[in-house]
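# Summary of structural features
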Amino acid sequence: MKRYLPPLAVIAAAFLWSLDGLLRQKLFSVSSFLIITLEHALGAILFLPFLIKGWKNVKKLNQRSWGSIMWISICGGILGTFCYTKALSYINYIDLSVVVLLQKFQPLFAIILAAVILKEKLTKRFLLLAITAFVGGYLVTFGVKPIAAWDDKTIIASLLALLAAFSWGSSTVLGKHALNKLPFQVVTSLRLTITAFVAGLIMISMGDISSITSLNADQWGALATIVISTGAVALFIYYYGLNRLPASHATIYELFWPFSAICFDWFIRGRAMSPAQASGAIILLTAIVLLTQERQKDHG
């Protein structure tokens, strides 16, 4: 039974992330940076005991390990979350399922980054699958619309979603490195703390910190729900799984995220994908599965 726990943990985290978009839509009128600051600050407080307990290990980190921690905290924690939250603010112009499906470019970005940083060779098969994935991603976003008919808000939301995918994909690569140096509980707590601290400094420099007082009870409730479900707690569960799985395996289990998100978008908002978008989703997900399986064979 124990060997099934890591895959189930990643699937559980993916399921929670699929609900995340629905929760964040309740905060559409709140500054994205304020959401990021508060959700990570609340999460940092929740997991602070792990950081205190593991502080002796944190003090032993070398420069490269700190670089990995700072990357996942700032790029993954702030930039990725900001872009994803901002993309969801365009939900009246672009389907939730499109924003979520574009996140499946994460492994593509992760493997390209591994090739650049770790000098891993990109095969012709990989390049073909990458092109196929981009074709699928295009169909998911725009269907069969000609370029002249592209809506500017759809383009902005799609680019924001792709930037979030890059931020989180690169954080998977560097997060795996961090997990080689620290227990997953400490990595979770340290990432939440650094993200909250840096985001807080940005908020203060922008003069937006006073906007906290404008939040109503429903918005505070949505933030608290995010922290104990789709935010900090989901991150904790995910790092538990990632710590015990190859990254290529974790990516496949994460495919539960877009499928469940599409179902929620359909059942709750009554939005179904067009035939062209559905075809694009199948092409994109198939290409990503084949791509991750290829990396598994290369490293297995």
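Residues numbered from 1 in each chain as written. Predicted model: local features only at pLDDT ≥ 70, side-chain atom pairs only at ≥ 80, totals over all residues. Heavy atoms only, no water.

Here we come to the overall build of the protein chain. Check the secondary structure of the protein chain and you find 15 helices and 0 strands. Considering the protein chain as a whole, with its 300 residues, one finds that 53% of them fall into the buried category. Excluding contacts between residues fewer than 6 apart, the proportion of contacts in the protein chain whose partners are at least 24 apart in sequence is 89%. (Helix = DSSP H or I, 4+ residues; strand = E, 2+ residues; numbered from the N terminus. Buried < 20%, exposed > 50% of the residue type's maximum accessible area, 1.4 Å probe, protein only. Contact = heavy atoms within 4.5 Å.)

Here the focus is the nonpolar core. The biggest cluster of nonpolar side chains holds 77 residues, and the ones touching the most others in it are Ile69, Tyr84, Phe105, Leu182, Leu190, Tyr239 and Trp257. Setting aside residues up to four positions removed in sequence, Leu182 forms contacts with Asn57, Val58, Leu61, Ile69, Val187 and Leu190. (Core = buried A, V, L, I, M, F, W, Y, C linked by side-chain atoms within 4.5 Å.)

What follows is about the packing of aromatic side chains. Under the counting rule described, the total for this entry stands at 9 aromatic pairs. A ring pair is formed by Trp17 and Tyr238, whose centres lie 5.1 Å apart and whose planes are at 55°; its orientation type is tilted. A residue pair is termed long-range when its members are at least 10 positions apart, and Trp17 in helix 1 (residues 5-24) and Tyr238 in helix 12 (residues 232-243) qualify at 221 residues. The two residues Trp17 and Tyr238 agree in class, both being buried. A connected cluster of aromatic rings, assembled from ring pairs, spans Phe47, Phe50, Phe184, Phe236 and Tyr240. (Phe/Tyr/Trp six-rings, centres within 6.5 Å; stacked < 30°, edge-to-face > 60°.)

The subject of this paragraph is the packing of helix 9 (residues 152-179) against helix 12. Where helix 9 meets helix 12, the axes come as close as 10 Å, and the angle between the chain directions of the two elements is 75°. Taken together, the axis directions place helix 9 and helix 12 in an arrangement best described as roughly perpendicular. Of helix 12, the residues touching helix 9 (which contributes Thr172, Lys176 and Leu179) are Tyr238, Tyr239, Leu242 and Asn243. Residue composition of the contact of helix 9 with helix 12, grouped by class: 4 nonpolar, 2 polar and 1 charged. (Axes fitted to C-alpha atoms, helices over the stretch in contact; angles between N-to-C directions. Parallel < 35°, antiparallel > 145°, perpendicular 65-115°, else oblique. Nonpolar A, V, L, I, M, F, W, Y, C, P; charged D, E, K, R; others polar.)

A few words now on the environment of Ser260. Tracing the sequence through the fold places Ser260 in helix 14 (residues 256-269). You can call Ser260 buried: its relative accessible area is 9%. Taking the C-alpha atoms as reference points, Ser260 and Ser18, 242 residues apart in sequence, are found 6.1 Å from one another.

With 12 residues, helix 12 should cover 16 Å at 1.5 Å per step; its first-to-last C-alpha distance of 16 Å lies within 8% of that length. Those residues of helix 12 that sit buried are Ala232, Ala234, Leu235, Tyr238, Tyr239, Gly241 and Leu242. (Expected span 1.5 Å × (residues − 1).)

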